[in-house]
Amino acid sequence: MEIHHGKLYTGYVNKRNEIEEKLKSVDLAAANQTYSDLRTLKVEETFAGNGVVLHEAYFGVLGGKGGRPEGALLAGMEKEWGSYEKWEAEFKATGMAVRGWVVLAHDTNDGRLHNYVGDAHNQGGMWGAIPLLVLDVYEHAYFIDYGSDRAKYISDYMSNINWKPAEVVYSKFAK
Ligand code: FE
């Protein structure tokens, strides 16, 4: 966690700031899809930016006691998946099926809950979807403590969820 939050997360924040600064003076006339400074800055802008957003959401739901969410979020999950257990089974399995992120999100496009994924910070996901519960499954998130046992890491993550922030965000956006 120290390395994850102190070095990696901080790195995304710093690089995003550096990218924003460089975009102010980039040579627009040299824009090129194979290689150009503009292309590199634009691609890495969303890598760094989503790296910040996703990690803040990930760290933001840790430190709780797990269990189920309450109120509207639980009702929304039951409506979408049939039961909390079915949602959890899909969420955990999805964590074994991707290389970066699993995100329980409220999608403002269709007004429904989804488990979305990303193999990288700037890949996957849906524009307009609000992250509620974010799980980092990059190797750096668990390899030091769990080796290759990602399933145990995901299981421990589930036991340490603090559902409150997710419930608050959901109540703001879901109708
Ligand atoms: Fe991470």
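Think of each chain on its own: its residues are numbered from 1, step by step along the sequence as written. At least 70 in pLDDT is required for a residue's local features to be given in this predicted model, at least 80 for side-chain atom pairs to be given and counted, and no such filter applies to totals for whole chains, interfaces and linings, which use all residues. Where side-chain values are given, they derive from all heavy atoms of the structure, hydrogens and water being excluded.

Novice: What is the right way to look at the domain arrangement of the protein in this model?
Specialist: Source of the domain bounds: an automatic or database domain assignment. Each assigned domain of the protein is listed here: domain 1 (2-60) and domain 2 (71-171). Taking only C-alpha atoms, the centre of domain 1 and the centre of domain 2 are 23 Å apart. Pairs of residues are marked as contacts when any of their non-hydrogen atoms sit within 4.5 Å. Counting residues at the interface gives 14 residues for domain 1 and 15 residues for domain 2. Defined in terms of a 1.4 Å probe, buried area is the accessible area two parts forfeit on being brought together, summed over both. Of the roughly 1200 Å² buried at the junction of domain 1 and domain 2 (both faces included), carbon and sulfur atoms supply 68%.

Novice: I would appreciate a short explanation of helix 3 (residues 71-81) in the present structure.
Specialist: Every buried residue of helix 3 is listed here: Leu-73, Leu-74, Gly-76, Met-77 and Trp-81. Projection of helix 3 onto a plane perpendicular to its axis shows the buried side chains occupying an angular sector of 160 degrees, all on one side. Facing away from the buried surface of helix 3 by more than 90 degrees, the exposed residues are Gly-71 and Lys-79. The helix count covers DSSP runs of H or I at least four residues long, the strand count covers runs of E at least two residues long, and both are numbered beginning at the N terminus. Residues of helix 3 that are buried make contact with helix 4 (84-97), strand 1 (101-107), strand 2 (112-118), strand 3 (129-136) and helix 7 (164-173). Two residues or fewer after helix 3 comes Gly-82, characterised by a positive phi angle close to 100 degrees. Accessible area is worked out with a 1.4 Å probe on protein chains only. A residue is then buried under 20% of its type maximum, exposed over 50%, and partly exposed in between. An arc is given here, and it is the one of the directions from the helix axis to the C-beta atoms.

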